[in-house]
Structures are given as structure tokens and as C-alpha cells.
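Here is what each chain is made of, one letter per residue.
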Amino acid sequence: MKPILRDVELASTGPTRRAPRRGRRSVTVNLAESPLGWLHARGHLSDRQLAAGECLRRDWELAQLAPGVTMRWDEVRSSGGGERRLNPTERQLAARQRFDGAVAAAGPGLADVLWRVVCAGEGLPDAERALQWPARSGKLVLRLALDRVAAFYRIPG
């Protein structure tokens, strides 16, 4: 994905969403980077945890669990061929089953932050505020959830 770089104001809690005002500290951020990729790039997540998050995100997208706003233009299933291929509906159902299994493996107390950061793309500070958790507690909970999801997807580590 092509980086989308923007200069934003740097506050004591981290980068803000507003443009830097004169005389204030600023930082360049990549708006196209996911929160999971950001945490991994800074050494807060292992390769195994990143892979687990990417698997969960892929299944969430394949299951089409996000709200849709347009028509589907998938290719139609053609007859013939020796191997059995899944049609789009079967692929969607299989991804939904994997997603549900991974979230269940994470557990009820960990699934909230997992979904917010991995699937919804929320940053950890925003997820912590939404869940009314103490600051900087989400990272530990997210790491535990990603470890469980990695075990579900059988990612070696």
C-alpha cells in the first residue's frame, strides 16, 4: 500500500489528528499504516502476533463482516474442471467460521480490544478510552489476545 504521509501536531499523549499549529512540535505519520503494523514496526508485537492479526483481519474481510455500501461484482461460478472450488458464498461462510473460532479462542475479555484494533483499525489509545481501560493497558491485553489467535491459526512461533 502506498504511504499517505501527513504532518500532525505532537501532543504529550502522542500524535493528534489536527495539523500542527505554529510553534508546536509536529511529526510525520503514515495514515495508510494499520495500528497493528505500527505496533510491530516499533517492536511491541512479535512476527507471530502480527501474522495472527493479519489472518484475523483477512478472515474478517473475506467474511464481509464490515457494512457494505455497493453491489458485489464477483465472478460467476463456471461449470467444468476437475477440482471442486468454493463459490463466493462458501468462501464467505468458511471465513466467517474461522473468524468466529479465532475470536472465541481469544476469549470474551480479550475479544473487544482485538476486534477494535485489528478489524476496526482503531488505535490503542482510542480503544482503551472506548473500553474505559487505564492508559497503556491495551497493549498487554492485545498481545495476549493475539497469542491465543496465533494458536488458533496454528502459526508457528
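Because the structure is a prediction, the values reported are computed rather than measured.

1. Some thoughts on the nonpolar core
Within the largest apolar cluster, 28 residues are counted, with the highest numbers of intra-cluster contacts made by Leu36, Leu56, Leu114, Leu142 and Val149. When residues of this core are traced back to their parent elements, those giving at least two are helix H1 (35-41), helix H2 (47-62), helix H3 (88-106), helix H4 (111-119), helix H5 (124-130) and helix H6 (138-152).

2. Quick word on the environment of Arg48
For Arg48, the position within the fold is in helix H2. Residues Arg48 and Ala151 lie 103 residues apart in sequence; the distance between their C-alpha atoms is 9.6 Å. Residues contacting Arg48, with those up to four places away along its chain left out, are Asp147, Ala150, Ala151, Ile155, Pro156 and Gly157.

3. Some words on the packing of H2 against H3
It is at 8 Å that the axes of H2 and H3 come closest, and there the two elements cross at 140°. With respect to H3, the axis of H2 lies oblique. For the element pair H2 and H3, the recorded crossing hand is left-handed. Residues Leu56, Asp59, Trp60 and Leu62 of H2 lie in contact with H3, whose contacting residues are Gln92, Ala95, Arg98, Phe99, Ala102 and Val103. Looking at side-chain class alone, the contact of H2 with H3 contains seven nonpolar, one polar and two charged residues.

4. Structural notes on the confidence of the model for the chain
Of all residues in the chain, 80% have pLDDT values of 70 or greater, and the mean over the chain is 82. Here strand E2 (residues 14-15) is the element of the chain with the lowest mean pLDDT, 61, and H6 is the one with the highest, 96. When the criterion is pLDDT under 50, residues 78-83 qualifies, and its contacts beyond four places in sequence or with other chains add up to zero contacts.

5. Some details on the side chain of Glu128
Within the fold, Glu128 resides in helix H5. One buried charged residue, Glu128, forms no salt bridge at all, with the nearest opposite charge on Arg129 at 6.6 Å. At a separation of 2.8 Å, a polar atom in the side chain of Glu128 contacts the main-chain amide nitrogen of Gly138. Not counting residues up to four positions away in its chain, the partners in contact with Glu128 are Trp133, Pro134, Ala135, Arg136, Ser137, Gly138 and Lys139.

6. Comments concerning the packing of H2 against H4
Contact geometry for H2 and H4: axes closest at 10 Å, N-to-C directions at 80°. One way to sum up the angle between H2 and H4 is to call them roughly perpendicular. On the side of H2, the interface is formed by Gly53, Leu56, Arg57 and Trp60, while H4 contributes Leu114, Trp115, Val118 and Cys119. By residue class, the composition of the contact of H2 with H4 is six nonpolar, one polar and one charged.

7. Topic: the pattern of salt bridges
In total, this model carries six salt bridges according to the counting rule given. Of the charged contacts, one joins Asp100 and Arg96 as a salt bridge, the two residues approaching to 3.1 Å between their closest N and O atoms. One end of the pair, Asp100, and the other, Arg96, are both in helix H3, four residues apart, so they sit about a helical turn from each other. Residue Asp100 is classed as partly exposed on the basis of its relative accessible area of 36%. What makes Arg96 partly exposed here is its relative accessible area of 39%. Between Arg129 and Asp126 there is a salt bridge, with the nearest N and O atoms lying 2.5 Å from each other. One end of the pair is Arg129 and the other is Asp126, both in helix H5 and three residues apart, which spans about a single turn. Taken together, the shared-partner salt bridges connect Arg58, Asp59 and Arg98 into one network.

About the thresholds
- Residues numbered from 1 in each chain as written.
- Predicted model: local features only at pLDDT ≥ 70, side-chain atom pairs only at ≥ 80, totals over all residues.
- Heavy atoms only, no water.
- Core = buried A, V, L, I, M, F, W, Y, C linked by side-chain atoms within 4.5 Å.
- Buried < 20%, exposed > 50% of the residue type's maximum accessible area, 1.4 Å probe, protein only.
- Helix = DSSP H or I, 4+ residues; strand = E, 2+ residues; numbered from the N terminus.
- Contact = heavy atoms within 4.5 Å.
- Axes fitted to C-alpha atoms, helices over the stretch in contact; angles between N-to-C directions.
- Parallel < 35°, antiparallel > 145°, perpendicular 65-115°, else oblique.
- Left-handed = near helix turned anticlockwise from the far one by under 90°.
- Nonpolar A, V, L, I, M, F, W, Y, C, P; charged D, E, K, R; others polar.
- pLDDT = per-residue confidence, 0-100.
- Lys, Arg positive; Asp, Glu negative; His and termini not counted.
- Salt bridge = Lys/Arg side-chain N within 4 Å of Asp/Glu carboxyl O.
- Polar contact = N/O pair within 3.5 Å; in protein donor to acceptor, adjacent residues only side chain to side chain.

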